[in-house]
Structures are given as structure tokens and as C-alpha cells.
Amino acid sequence: MPTIIIQKTQKRLLIYREKLTDDLEIELVKIPSGTFTMGSSEQESGNTSEKPQHNVTLKNFLMGIYPITQAQWLYIAQREDLKVEQDLKPEPSHFKGSTNPVENVSWLDAVEFCQRLSKMTKKQYRLPSEAEWEYACRAGTTTPFHFGATLTSNLANYNTTQRFAKEPAGEYRGETTPVGQFYANDFGLYDMHGNVWEWCQDDWRENYEEIKKSKNQQNQAYKAMRGGSWYNNPVYCRSAFRYNHFRRDGFNYYGFRVVCGAGRTL
């Protein structure tokens, strides 16, 4: 697993390492508190689920630098002594590789992983809220992608057969890639665009007005996802793009990363 962060700025990053074994750890970075504009403008997208744009203020929290890898998943999945609610398949992923992101996991699987990690470490690990995810992905940017106005195949793993703007055609890999192969954003996070969809904690709501009407989690059947995947066109990989799926289903483009700490305010 990569340990050197490529930075676009000289910002100081506070990195934490959660040790699983002598040779395996989960790396997290401190995401600073702040306020950002969540959602997309009409100029960027007509997708009503990303509306209305609104300001969100968040406290600082820790977020996984990478999506959870297959090696990290295997270790926790095999720890039956940590089981909270359900069994976990040790090797669910379609595309194999210890440093590739785990995929083919449902929202319920991801929650069980977080619960087991919490039980083992005595810390409160969970999935990010949509607000936390988008804030962390943007890392202070307001463009469609934290890289800028568009994506290219040397910046992320996505379906390059379709283009967002006038970017050059690039390599369509057709599978997941090891985590940390591309540049990090200004918060030190990798793979926020593409590679695997990332489950969020939140129930799915059709837009932000609906979210405001139902602030309390109701454990709905459909859960929110962010980030796009190796399979998706770049429009789905935007910082603001929202997606959802049935919480019991997992496919070979569904993964997640963990967070630990404070405010999940929408």
C-alpha cells in the first residue's frame, strides 16, 4: 500500500495509522473543519438530485486515505470473533488484488466492516455522510472534479470511451486498479473520482429539499453512493454526483472508505 502522498500544495497533512497487523494498517487523514457549497450549479449539471446548492458546515473528522483494500477486508472478514450482525465473505471481489479496492460489497457488508473495526479498536468507525464525502472530495474546489474542469485517464480510473468536455481519449482499463495510483487531492485523499463507487451512511433522498424534511436516519432500503467507478462515464464521477442502490446488493464497482470522528451535519 502506498505510503507517500503526492501533494499539489504544501499543506500539512495529519496522517493517522490504524494498525491491523504488523504488516497491515488503515491510513487516515484529518479533514479540517469548514464550510462548503454542496451540490452542483445549473451550468455544471441539470441533475435535480444535486439541487438546490446549499452551504454546509462540518467539524473535523478522519477519513480513509484510500478505499478499503482487499487485504484490509480479508483480515476483518476472517475475524469471526469480531462479528456484530452478519458474516462477511472473505474474498467477495471480482477483480483480484490485495491492494485493489474491495468491491462486490453491499451497504450492509460495509457497515458490518465498520462495526467490527470499531469493536477491535475501541473507536467509532463508520461510513461517511454524503456531506462529509463531497466536502472531502472537493478539498476546497468548486469545479466538477477536484482536479479541475474535467478528467483524463492519467488522473482517474473511469470509462474513457465517453468524455465530459473536450479531454483527449485515454486508456479504458475495464477493471479496478490498485489504490493510490493517481494524484491525491489537496486533503491527501486518493481515488475520490472513479475506481469504485463508495457507499455513504445516508438514506437516499431524491434531492436536498427532501433531505431537509427528513433529517433523521430512517434505515431506508436504498442508500446513497458517491464517486463513480471504473465502469462509469466521467459525468458520474463528478464531486457533486449522487447515486443510490439497494442496501443489500453489491456489484463489482461498489466499495467504500471509512471515517472516524465528529460532525455528520447536512
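Going by the structure above, here's the rest.
Residues numbered from 1 in each chain as written. Predicted model: local features only at pLDDT ≥ 70, side-chain atom pairs only at ≥ 80, totals over all residues. Heavy atoms only, no water.

Student: Just to check I follow, could you spell out the sheet that holds strand S10 (residues 254-255) for this structure?
Tutor: Consider a sheet: its strands pair through backbone hydrogen bonds, and that pairing is either parallel or antiparallel. Spatially, four strands are ordered S9-S8-S7-S10 in an open sheet, and the strand pairing comes out mixed. Each of the sheet's edge strands pairs with one partner strand only, and the pair in question is strand S9 (243-246) and S10. Bridge analysis of strand S8 (residues 222-226) against S9 gives four bridges, and the strand direction is antiparallel. Looking at S9, one finds that Lys223 is bridged to His245. (Pairing = 2+ DSSP bridges. Helix = DSSP H or I, 4+ residues; strand = E, 2+ residues; numbered from the N terminus.)

Student: Can you help me understand the packing of helix H1 (residues 70-77) against helix H2 (residues 107-121) in this one?
Tutor: Packed helix pairs are characterised by how far apart their axes lie and by the angle those axes make with each other. The contact between H1 and H2 brings their axes to 10 Å, and the two run at 70°. Comparing the axis directions of H1 and H2 gives the class roughly perpendicular. Taken as a pair, H1 and H2 cross one another with a handedness that is left-handed. Only Asp109, Phe113, Arg116, Leu117 and Met120 of H2 make contact with H1, whose side of the interface consists of Gln72, Trp73, Tyr75, Ile76 and Ala77. Tallied by class, the residues present in the contact of H1 with H2 amount to seven nonpolar, one polar and two charged. (Axes fitted to C-alpha atoms, helices over the stretch in contact; angles between N-to-C directions. Parallel < 35°, antiparallel > 145°, perpendicular 65-115°, else oblique. Left-handed = near helix turned anticlockwise from the far one by under 90°. Contact = heavy atoms within 4.5 Å. Nonpolar A, V, L, I, M, F, W, Y, C, P; charged D, E, K, R; others polar.)

Student: Hey, could you run me through helix H3 (residues 130-138) in this one?
Tutor: Each α-helix winds once per 3.6 residues, and so residues spaced three or four apart point in a common direction. Most of H3 is tucked away: nine of the nine residues are buried. Among the residues of H3, Glu130, Ala131, Glu132, Trp133, Glu134, Tyr135, Ala136, Cys137 and Arg138 are the ones counted as buried. (Buried < 20%, exposed > 50% of the residue type's maximum accessible area, 1.4 Å probe, protein only.)

Student: How do you make sense of the pattern of salt bridges when you look at a structure like this?
Tutor: Between side chains of opposite charge, a pair can form as their charged atoms come close. Under the defined criterion, the tally for this structure stands at 18 salt bridges. In this structure, Glu132 and Arg126 form a salt bridge, with 2.9 Å as the shortest nitrogen-oxygen distance. Taken as a pair, Glu132 and Arg126 share a single burial class, namely buried. Arg226 is the partner of Glu134 in a salt bridge, and the nearest nitrogen-oxygen pair spans 3.0 Å. Taken together, the residues Glu134 in helix H3 and Arg226 in strand S8 connect sequence positions 92 residues apart. With a relative accessible area of 0%, Glu134 lands in the buried category. By relative accessible area, Arg226 is classed as buried at 0%. By sharing partners, the salt bridges in this structure join Glu130, Glu134, Arg138, Arg226 and Arg242 into a single network. (Salt bridge = Lys/Arg side-chain N within 4 Å of Asp/Glu carboxyl O.)

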